[in-house]
Amino acid sequence: MTKYGSFPGTRPRRLRTTPAMRRMVAETRLHPADLILPAFVREGIAAPVEIESMPGVVQHTRDTLKKAAVEALAAGVSGIMLFGVPEESKKDAVGTPGTDPDGILQLAIRDVRAEVGDELIVMSDLCLDETTDHGHCGVLDAEGRVDNDATLERYAEMAQVQADAGAHVVGPSGMMDGQIGVIRDALDQVGHEDVSILAYTAKYSSAFYGPFREAVGSSLKGDRKTYQQDPANSRESLRELALDLEEGADMVMVKPAGPYLDILAKVADAVDVPVAAYQISGEYAMIQAAAERGWIDRDKAVMESLTGIKRAGANMILTYWATEVARQL
């Protein structure tokens, strides 16, 4: 005998029955335009150098960087974030290569802009850690501590030379107090009112940065806990957010992405400016390493991780898989 009205009356599985059904009702969709490619360019090399802890990622030459930018553009990626790796002998206590118009990062910005024009957003890392012989993100005082205000003066100079080189967006990542306001003022003073600032608003002191330090040839000794945020803190990120917006940030970022999805969601709920998240080197390396050992399905894990970041509220995602994923999408 047929039985009607039996439990369950509501069956959510009806909307999961086929790939077409799941695609139709999907609440979150990745798009190539969501993606930004971080890329490293190294001075003094004749061919790309593989980064051992980031399989598939290289330190580019100036020529191969231009090719990577063109490939990203063709795939539909929105932007490229450039990191410069100067020759070791050029590093010093104040990060001189970072403000030298002919420093490797400034040359790379010019190269990429000449190659892609305004079709791809050219972003530049605005920080001293790649260019200092001590590896910190700022100038040190006599006791070896990062001097916040002396560092701001260097950031102002960096912003100006990066904008002069053609950066559409500067990304101050050093977590110095007041950095957004100083950089905005410095840009405006030299006629770069149209250059945007992507604020690294919530940048946590994370163990997941390890492979990145190989990628940029970091000289760091010690840690950055006195200026990057404590992973235990949440409300602090919203305080940083309010300050960055008050100082003129055009876009804001949470970094790392995966371990801080709760922070990303809070930031996204709180603002009406674009929100970025950076899927950093350690997040990349973990998936690559597990996949190489056959422990996970690499392609599915990549897509799932990026979908989770988008679902948490990111409008833009910096990921080393940007070009590859954009092609798949």
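Residues numbered from 1 in each chain as written. Predicted model: local features only at pLDDT ≥ 70, side-chain atom pairs only at ≥ 80, totals over all residues. Heavy atoms only, no water.

*Asks:* I'd love a proper account of the pattern of salt bridges, names of residues and values included.
*Replies:* Counted under the stated rule, the structure contains 13 salt bridges. Notably, a salt bridge pairs arginine 113 with aspartate 118, separated by 2.9 Å at the nearest N-O pair. With a relative accessible area of 25%, arginine 113 lands in the partly exposed category. Through salt bridges that share partners, Asp141, Glu143 and Arg145 make up one connected network. (Salt bridge = Lys/Arg side-chain N within 4 Å of Asp/Glu carboxyl O. Buried < 20%, exposed > 50% of the residue type's maximum accessible area, 1.4 Å probe, protein only.)

*Asks:* Can you lay out helix 9 (residues 281–292) for me, pointing to particular residues and giving the numbers?
*Replies:* Under the 1.5 Å per step criterion, the end-to-end length of helix 9 is 16 Å for 12 residues, consistent within 8% with the ideal 16 Å. Across the 12 residues that make up helix 9, a large majority, 9, are buried. Among the residues of helix 9, those classed as buried are Ser281, Gly282, Glu283, Tyr284, Ala285, Ile287, Gln288, Ala290 and Ala291. Along its buried surface, helix 9 packs onto helix 6 (210–215), strand 9 (275–278) and helix 10 (298–312). Following helix 9 by one or two positions, glycine 294 has its phi on the positive side, about 80°. (Helix = DSSP H or I, 4+ residues; strand = E, 2+ residues; numbered from the N terminus. Expected span 1.5 Å × (residues − 1). Contact = heavy atoms within 4.5 Å.)

*Asks:* Talk me through the pairing of strand 5 (residues 121–126); I want residue IDs and the actual numbers.
*Replies:* Counting buried positions along strand 5 gives 5 out of 6 residues, so the element sits mostly inside the fold. Remark: the strand 4 (residues 79–85)/helix 3 (residues 104–116)/strand 5 crossover connection has right-handed handedness. By the bridge criterion, 4 bridges tie strand 5 to strand 6 (residues 169–172) in an arrangement that is parallel. Following the sheet pairing, aspartate 125 is matched in strand 6 by glycine 171. Read from strand 5 through helix 4 (residues 148–165) to strand 6, the crossover connection turns out right-handed. (Right-handed = clockwise from strand over helix to strand, strands pointing away. Pairing = 2+ DSSP bridges.)

*Asks:* An account of helix 4 is requested, with residue identities and associated values reported.
*Replies:* Taking 1.5 Å of rise per residue, the 18 residues of helix 4 would be expected to cover 26 Å, and the 26 Å separating its terminal C-alpha atoms lies within 8% of that figure. Those residues of helix 4 that sit buried are Thr151, Leu152, Arg154, Tyr155, Ala156, Met158, Ala159, Val161, Gln162, Ala163 and Ala165. Where the residues of helix 4 are buried, they touch helix 3, strand 5, strand 6 and helix 5 (179–189). The opening residue of helix 4, the one whose side-chain oxygen lies 3.3 Å from the backbone nitrogen of aspartate 149, is aspartate 147. (Polar contact = N/O pair within 3.5 Å; in protein donor to acceptor, adjacent residues only side chain to side chain.)

*Asks:* Got a sec to walk through the pairing of strand 7 (residues 196–203)? Specific residues and values, please.
*Replies:* With 7 of 8 residues buried, strand 7 lies mostly within the body of the structure. Sheet topology note: the strand 6/strand 7 ladder contains 2 bridges and is parallel. Note that in strand 7 the partner of valine 170 across the bridge is isoleucine 197. In this view, the connection linking strand 6 to its parallel neighbour strand 7 by way of helix 5 has right-handed handedness. Pairing analysis gives 4 bridges linking strand 7 to strand 8 (residues 251–255), with the strands arranged parallel. Residue pairing in the sheet places leucine 198 in a bridge with methionine 251 of strand 8.

*Asks:* Requested: an account of the packing of helix 4 against helix 5, with residues and values cited.
*Replies:* In contact at an axis separation of 9 Å, helix 4 and helix 5 are set at 45° when each is read in the N-to-C sense. If you check the angle between helix 4 and helix 5, you find them oblique. Our pair here, helix 4 against helix 5, has a crossing hand that is right-handed. Of the residues in helix 5, those in contact with Leu152, Tyr155, Ala156, Ala159, Gln160 and Ala163 of helix 4 are Gln179, Val182, Ile183, Ala186 and Leu187. Residues belonging to the contact of helix 4 with helix 5 are distributed by class as follows: 9 nonpolar, 2 polar and no charged. (Axes fitted to C-alpha atoms, helices over the stretch in contact; angles between N-to-C directions. Parallel < 35°, antiparallel > 145°, perpendicular 65-115°, else oblique. Left-handed = near helix turned anticlockwise from the far one by under 90°. Nonpolar A, V, L, I, M, F, W, Y, C, P; charged D, E, K, R; others polar.)

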